[in-house]
Amino acid sequence: TSLLTLLIPAVFGAYAAVRLTADAHAFRGNEAARRDLHAVAEAGFARAQRLLPWEPAYLVPRAAALEQLGRLGEALPLYHAAVALAPCNGLGWGNAGRVAFALATARQEPPAQEDALRVLLRAVDLAPSQPSLYAAALLAAEPRGRFAERDALVRQVLMSHTGAR
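Here is what the cut-offs are and how they apply
Residues numbered from 1 in each chain as written. Predicted model: local features only at pLDDT ≥ 70, side-chain atom pairs only at ≥ 80, totals over all residues. Heavy atoms only, no water. Salt bridge = Lys/Arg side-chain N within 4 Å of Asp/Glu carboxyl O. Helix = DSSP H or I, 4+ residues; strand = E, 2+ residues; numbered from the N terminus. Buried < 20%, exposed > 50% of the residue type's maximum accessible area, 1.4 Å probe, protein only. Core = buried A, V, L, I, M, F, W, Y, C linked by side-chain atoms within 4.5 Å. Contact = heavy atoms within 4.5 Å. Arc of directions from axis to C-beta. Axes fitted to C-alpha atoms, helices over the stretch in contact; angles between N-to-C directions. Parallel < 35°, antiparallel > 145°, perpendicular 65-115°, else oblique. Left-handed = near helix turned anticlockwise from the far one by under 90°. Nonpolar A, V, L, I, M, F, W, Y, C, P; charged D, E, K, R; others polar.

Asker: Help me understand the pattern of salt bridges in this model?
Answerer: In a structure, side chains of opposite charge can pair up when their charged atoms sit close to one another. Applying the stated criterion across every chain yields a total of 13 salt bridges. Residue Arg 19 is joined to Glu 55 by a salt bridge in which the shortest nitrogen-to-oxygen separation is 2.9 Å. In this pair, Arg 19 is assigned in helix 1 (residues 3–34) and Glu 55 in the loop between helix 2 (38–51) and helix 3 (56–68), connecting sequence segments 36 residues apart. A relative accessible area of 15% means that Glu 55 is categorised as buried.

Asker: I would appreciate a short explanation of the nonpolar core in the present structure.
Answerer: One recurring pattern in soluble globular proteins: nonpolar side chains tend to sit buried together. Leu 76, Tyr 79, Val 124, Ala 137 and Leu 153 are the most contacted members of the largest nonpolar core, which totals 28 residues. Mapped onto this core, the elements with two or more residues apiece are helix 3, helix 4 (72–85), helix 5 (90–106), helix 6 (110–126) and helix 7 (131–141). Setting aside residues up to four positions removed in sequence, Leu 153 forms contacts with Leu 121, Val 124, Tyr 134, Ala 137 and Leu 138. Ala 22, Ala 26, Ala 32 and Phe 45 belong to the second largest nonpolar core, which has nine residues in total.

Asker: What is the right way to read helix 7 from this model?
Answerer: Every α-helix winds through 3.6 residues per turn, so residues three or four apart in the chain are directed the same way. Buried residues of helix 7: Leu 133, Tyr 134, Ala 136, Ala 137, Ala 140 and Ala 141, and no others. Mapping the buried residues of helix 7 onto a view down its axis gives an arc of 165°, with all of them on the same face.

Asker: When you look at the side chain of Glu 114 in this model, what are you seeing that I'm missing?
Answerer: Position of Glu 114 among the secondary structure elements: in helix 6. Glu 114 has contacts with Arg 144 and Arg 146, leaving out every residue within four places of it along the chain.

Asker: Help me understand the packing of helix 5 against helix 7 in this model?
Answerer: For any two helices packed against each other, the geometry comes down to the angle between their axes and how far apart the axes lie. Close contact between helix 5 and helix 7 brings their axes to 10 Å; oriented N to C, the two are set at 30°. One finds that helix 5 runs roughly parallel with respect to helix 7. The element helix 5 and its partner helix 7 pack so that their crossing is left-handed. Together, Gly 90, Leu 91, Gly 94 and Phe 101 of helix 5 and Ser 132, Leu 133, Leu 139 and Ala 140 of helix 7 make up the contact between the two elements. Of the residues that constitute the contact of helix 5 with helix 7, the class distribution is five nonpolar, three polar and no charged.

As structure tokens, this is what we get:
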């Protein structure tokens, strides 16, 4: 028997043990989030994320829990990390853009609002069937005076969701 034959099952076994442990922490996080215990949820997802930091399934709910706790500055990098791991996920871009816009608005940073609006428009392009993305982009475009983008989004919603021309 070769050394490789012995190592492969050991490596897969170790990964399975880590994965099961991370999933157990995430399960507790999901259960806490369901009961609006966002601090407990965030702690559970943080434990899962420490074990498997490349897993968007732990990053996104942790960011959502932080968002519910009003800790937007901590949530945004997690949403960005999730987007980096799944760059074609429109909902991921939407989360990042929505939180970035909220932070930029709170900080009164118009250039950052523009950047966030571009992220939200990218989200709509990636996932045009998601109505929540249109809402976030519309809410960001309107106060910025970006009426052409707003009108294009409204037309796109009407065409894709009602068939109107």
